[in-house]
Amino acid sequence: VLAMVNRRISDNLKKIAYSLWAAGWDQYNISNAIQVSTASLYHWLDNFYNYGTVSKSPSPLRRRPRLIARAVLTKIHLLLEGNPDTNLDELVW
C-alpha cells in the first residue's frame, strides 16, 4: 500500500501513465512504476475518456463570461445612483 501525500503531479507524468495503460500495462504496475495510487490513475483515465485530456476536468463553477465591460457597468451604476427613476431601456449609447 502506498502512503500518498498531497502533491502536484505533472500532466507529462499523467500522459506517460496513460500511454502505459494504452500499451497494456496492468494498473498496479503503472501505479508502482510512477508512485501514484491506482485511484489517481483511474481518475486520469476517466478524465481522458470524458474530456480528451488527462488534466484536471473543467470546473462546473466557472462564471459566465461578461458581455458588458466593467467600465460600462460602473457608468450604469453611477447613472442609476444619480437618477433612480431611469429605466435601462431609456438609455442610448
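This text follows the structure it describes.
Residues numbered from 1 in each chain as written. Predicted model: local features only at pLDDT ≥ 70, side-chain atom pairs only at ≥ 80, totals over all residues. Heavy atoms only, no water.

Topic: the overall build of the protein chain
When you go through the protein chain residue by residue, the secondary structure sums to 4 helices and 0 strands. Starting at the N terminus and ending at the C terminus, the protein chain contains elements arranged as α-α-α-α. A burial count over the protein chain gives 19% of its 93 residues as buried. In the protein chain, the proportion of contacts linking residues at least 24 apart, taken out of those at least 6 apart, comes to 42%. With an accessible surface of roughly 7,700 Å², the protein chain has 55% of that area assigned to carbon and sulfur atoms. (Helix = DSSP H or I, 4+ residues; strand = E, 2+ residues; numbered from the N terminus. Buried < 20%, exposed > 50% of the residue type's maximum accessible area, 1.4 Å probe, protein only. Contact = heavy atoms within 4.5 Å. Areas by Shrake-Rupley, 256 points an atom, 1.4 Å probe, with all protein chains shown as cover.)

Quick notes on unusual backbone geometry
Despite not being glycine, Q35 has its phi angle at roughly 60°, a positive value. The class for Q35 is partly exposed, based on a relative accessible area of 42%.

Let's talk about the packing of aromatic side chains
In total, this model carries 3 aromatic pairs according to the counting rule given. Between W21 and Y42, the aromatic rings sit 6.0 Å apart at their centres with planes inclined by 75°, giving edge-to-face as the arrangement. In this pair, W21 sits in helix 1 (residues 11-22) while Y42 sits in helix 3 (residues 38-51), placing the two residues 21 residues apart along the sequence. The class of W21 is partly exposed, set by a relative accessible area of 24%. For Y42, a relative accessible area of 40% gives the class partly exposed. (Phe/Tyr/Trp six-rings, centres within 6.5 Å; stacked < 30°, edge-to-face > 60°.)

Things to note about the environment of I9
With respect to the helices and strands, the residue I9 is situated in the segment before helix 1. Remark: the alpha-carbon pair of I9 and S55, spanning 46 residues in sequence, is separated by 9.8 Å. With sequence-adjacent residues up to four places away left out, I9 is seen in contact with K14, V36 and W44.

Structural notes on the side chain of Q27
With respect to the helices and strands, Q27 occurs in helix 2 (residues 27-34). Contact partners of Q27, with chain neighbours within four places excluded, come to W21, T38, L41 and Y42.

Let's talk about the pattern of salt bridges
Side-chain pairs of opposite charge can arise whenever the charged atoms involved come near each other. Counted according to the given criterion, the structure contains 1 salt bridge. Among the salt bridges present, the one from K14 reaches D11, with a minimum N-O distance of 3.9 Å. Of this pair, K14 and D11 both sit in helix 1, separated by 3 residues, roughly a single helical turn. Note on D11: relative accessible area 27%, which makes it partly exposed. (Salt bridge = Lys/Arg side-chain N within 4 Å of Asp/Glu carboxyl O.)

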